[in-house]
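Commentary on secondary and tertiary structure
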Amino acid sequence: MIPALMPNYNRANIAFEHGEGAYLFDTAGRRYLDFGAGIATSSLGHGHPHLVSEIAKQAAKVMHVSNLYRVPQAETLAARYVAASFADSVFFCNSGAEANEGLVKAMRKTMSDEGKPERTRVICFEGAFHGRTLAMIAATGNAKYLAGFGEKVDGFDHVPFNNLNAVRAAITPQTAGILVEPVQGEGGIRPAYLQFLRDLRATCDEFGILLGMDEVQTGIGRSGKLFAHEWAGITPDVMSSAKGIAGGFPMGAVLATERVAKALVPGSHGTTYGGSPLACAAGNAVLDVVLAPGFLDDVDATGRYLWRGLEALCLKYPSVFTEARGAGLILGLKCAVPNGEVQNAALAEGILTVAAGDNVLRLVPPLIVRQAECDEALALLARTADQFVSRKVLEPAK
Ligand SMILES: *Cc1c(COP(=O)(O)O)cnc(C)c1O
């Protein structure tokens, strides 16, 4: 018989009872170091006092009112993002896929308003991930996510990642813009070359099309800058973010320049829950922490420290780990053995990680992680690798 909870996930047989900082405790009381952060989402870790109290305070006042009324918490949060980023205006929603839907709608509407309604298509990249709605599985383009779901939503063209010639060759009079992740997350922690991002910016300007950035996973400090595109010294025209934006409370956002934002006139786009007082209280609490002096520098320093440790692991265990990649605290270890098996072996050692594409083990700890916890993670990953080394000795045939 089918479980009451729909069986659309392969869940590990483990449930967590509570968390504290970078640690989670299961229902049996065992402690795990959380280097998955609920897929790069629990950006302040677990039980962060400021986030917890801001959510509790707002929940007691009012959680939801709808967008029929002003929401001061949303006005404040939007103004803070405008002050801290390229954006002139911000739309709040509830997830990464919903943010990307809004981003693509905003791109198309901008072109339409500018007298080019034929410019509807968006160039995306092989290895991308943009979410699970009907349009976003088409934007993602991965056959695995499209299979069985009928007609693919039209309007997305795919080219190889980090290949400017392929991008330029794919631009047609129907192209509205480009959508790129500065670091492909689900695709295997594959960073865009900074020069590639700069070339995309220049190409969009040359053709009068829009540069869209999917920072659902890389945004809100994860790369060591508030947004990862800042490393390239360029700005997009429109950007999505989500995951870490409210520290685990469901929230997404579309950040846009005035050129793009002004296309979304009243009635053109909306969402019932988006930008609620409760979600924005969580979002403001996250920004209080992430924008505090020195916080992003600490993320950068901790990321570099962890990276050096991962490189050392690759040198010590070349039969298990072959390459460290990523930026800030969105890091990956390319595996020489199946990454799902490494993830399970790591779980058995007491560290949570997330598998990604390209046979990569993803390490996306809370941004508040300390060097001592990175040392512990590296030791647990070394023990994980030892499991595979000794397995090989025992089973030389495999
Ligand atoms: C997770 C993710 C999404 C989808 O976000 P959801 O909140 O699951 O809809 C989109 N883009 C990127 C880059 C992501 O990592």
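Fair warning: this is a prediction, and the values are worked out from it, not measured in the lab.

Attention now moves to the overall build of the protein chain. The helix and strand inventory of the protein chain stands at 13 helices and 17 strands. Its C-alpha atoms give the protein chain a radius of gyration of 21 Å, near enough to 21 Å, the size a compact globule of 398 residues would have. Its C-alpha atoms give the protein chain principal-axis dimensions of roughly 70 × 55 × 50 Å. Here the protein chain, with 398 residues, has 53% of them falling under the buried criterion. Of all intrachain contacts in the protein chain linking residues separated by at least 6 positions in sequence, the fraction that spans at least 24 positions is 72%. Charge separation in the protein chain, taken as the distance between the mean sites of 36 positive and 40 negative side-chain charges, equals 2 Å.

Moving on to the domain arrangement of the protein chain. Annotation of the protein chain at the domain level lists domain 1 (16-34 + 293-392) and domain 2 (50-290). Computed from C-alpha atoms alone, the centre-to-centre distance between domain 1 and domain 2 is 27 Å. Taken residue by residue, the interface counts 22 residues in domain 1 and 20 residues in domain 2. A buried area of about 1,600 Å², summed over both sides, lies between domain 1 and domain 2, and 63% of it is on carbon and sulfur atoms.

A word on the nonpolar core. Membership of the largest hydrophobic core comes to 85 residues, with the highest contact counts inside it found for Tyr81, Leu310, Phe321 and Leu333. Counting residues in hydrophobic clusters, the runner-up holds 22 residues, among them Cys93, Met111, Ala138 and Ala139.

Close to the ligand lie 13 residues, the nearest being Gly96, Ala97, Asp214, Gln217 and Lys243. A distance of 2.6 Å separates an oxygen atom of the ligand from a polar atom in the side chain of Lys243. With three residues, helix α4 (residues 96-113) is the single largest residue contributor to the shell around the ligand. Taken together, the residues that form the shell around the ligand break down as three nonpolar, six polar and four charged.

Let us now look at the sheet that holds strand β14 (residues 330-335). With respect to topology, four strands assemble into an open sheet ordered β13-β14-β17-β16, the strand pairing being antiparallel. Across the chains shown, the open sheet's two edge strands, defined by having one partner strand only, are β13 (321-327) and β16 (354-356). Each neighbouring strand pair of the sheet contributes to a mean axis angle of 30°, computed without reference to strand direction. Contacts from helix α11 (residues 295-316) reach β13, β14 and β17 (360-363), with the element oriented near 165° to β13.

This paragraph deals with the packing of aromatic side chains. Taken as a whole and assessed by the stated rule, the structure comprises six aromatic pairs. When the ring of Phe16 is compared with that of Tyr32, the centres are 5.7 Å apart and the planes differ by 85°; the resulting orientation is edge-to-face. Highlighted residues: Phe16 in strand β1 (residues 16-20) and Tyr32 in strand β3 (residues 31-34), separated in sequence by 16 residues. Given a relative accessible area of 5%, Tyr32 falls into the buried group. Between Phe129 and Tyr145, the ring centres sit 5.6 Å apart and the planes meet at 75°, which makes this aromatic pair edge-to-face. You can see Phe129 sitting in the loop between β5 (121-125) and α5 (134-140) and its partner Tyr145 sitting in helix α6 (residues 143-146), a full 16 residues away along the chain. In terms of burial, Phe129 and Tyr145 fall into one category: buried. The ring centre of Tyr23 lies 3.9 Å from the NZ or CZ of Arg31, which sits over that ring. Between the NZ or CZ atom of Arg391 and the centre of the ring of Phe388, over which it lies, the distance is 4.5 Å.

Take the packing of helix α2 (residues 49-61) against helix α10 (residues 277-290) next. Contact pair α2 / α10: the axes reach a minimum separation of 9 Å and the direction vectors enclose 155°. Taken as axis vectors, α2 and α10 run roughly antiparallel relative to one another. The way α2 lies across α10 gives a crossing that is right-handed. Listed contacts from α10 to His50, Leu51, Glu54, Ile55, Gln58 and Ala59 of α2 are Pro277, Leu278, Ala281, Ala282, Ala285, Val286, Asp288 and Val289. When its residues are assigned to classes, the contact of α2 with α10 shows ten nonpolar, two polar and two charged.

Our focus in this paragraph is the sheet that holds β5. Spatial ordering of the open sheet is given by β4-β12-β11-β10-β7-β5-β6, a layout of seven strands whose pairing is mixed. Edge positions in the sheet fall to β4 (89-93) and β6 (156-159), since each of these pairs with one other strand and no more. Between one strand and the next, the sheet's axes are offset by a mean angle of 20°, whatever the strand orientation. Bridge count for strand β11 (residues 238-241) against strand β12 (residues 252-256) is four bridges, and the pairing is antiparallel. Bridging from a neighbouring strand, Met239 pairs with Leu255 of β12.

The subject of this paragraph is the layout of surface pockets. Its boundaries defined by the atoms lining it, the second largest pocket holds a volume of some 550 Å³. Lining the second largest pocket are 26 residues; nearest its centre among them are Asn67, Ser89, Val90, Phe91 and Phe92. Only α3 (72-84), β4, β12 and α9 (258-261) provide two or more residues apiece to the lining of the second largest pocket. Per-element accounting of the lining of the second largest pocket gives the leading share, four residues, to β4.

To continue, consider a nonpolar patch on the surface. Residues Leu134, Phe149 and Val153 make up a contiguous nonpolar surface patch of roughly 290 Å² in combined accessible area. Its place among the elements puts Leu134 in helix α5. Classification of Leu134 as exposed rests on a relative accessible area of 55%.

Take the pairing of β11 next. What you see with β11 is no split at all: Val238 and Ser240 on one side and Met239 and Ser241 on the other are buried throughout. In terms of strand pairing, strand β10 (residues 210-215) meets β11 through four bridges, oriented parallel. Its bridge partner lying in β11, Met213 is registered against Met239.

Reading the values: the criteria
Residues numbered from 1 in each chain as written. Predicted model: local features only at pLDDT ≥ 70, side-chain atom pairs only at ≥ 80, totals over all residues. Heavy atoms only, no water. Helix = DSSP H or I, 4+ residues; strand = E, 2+ residues; numbered from the N terminus. Rg over C-alpha atoms; globule rule 2.2 N^0.38 Å. Buried < 20%, exposed > 50% of the residue type's maximum accessible area, 1.4 Å probe, protein only. Contact = heavy atoms within 4.5 Å. Lys, Arg positive; Asp, Glu negative; His and termini not counted. Charge placed at Lys NZ, Arg CZ, Asp CG, Glu CD. Domains from an automatic or database assignment. Buried area = accessible area lost by both parts, 1.4 Å probe. Core = buried A, V, L, I, M, F, W, Y, C linked by side-chain atoms within 4.5 Å. Near = heavy atom within 4 Å. Polar contact = N/O pair within 3.5 Å; in protein donor to acceptor, adjacent residues only side chain to side chain. Nonpolar A, V, L, I, M, F, W, Y, C, P; charged D, E, K, R; others polar. Pairing = 2+ DSSP bridges. Axes fitted to C-alpha atoms, helices over the stretch in contact; angles between N-to-C directions. Phe/Tyr/Trp six-rings, centres within 6.5 Å; stacked < 30°, edge-to-face > 60°. Lys NZ or Arg CZ within 6 Å of the ring centre and 35° of its normal. Parallel < 35°, antiparallel > 145°, perpendicular 65-115°, else oblique. Left-handed = near helix turned anticlockwise from the far one by under 90°. 1 Å grid on protein atoms, 1.4 Å probe; cavity = no way out; pocket = protein on both sides within 12 Å on 5 of 7 lines; lining within 4 Å. Points joined across faces, edges and corners; volume = space filled by probe spheres on them. Patch = residues over 30% accessible without salt bridge, like charges linked within 9 Å, V, L, I, M, F, W, Y side chains within 5 Å. Areas by Shrake-Rupley, 256 points an atom, 1.4 Å probe, with all protein chains shown as cover. Salt bridge = Lys/Arg side-chain N within 4 Å of Asp/Glu carboxyl O.

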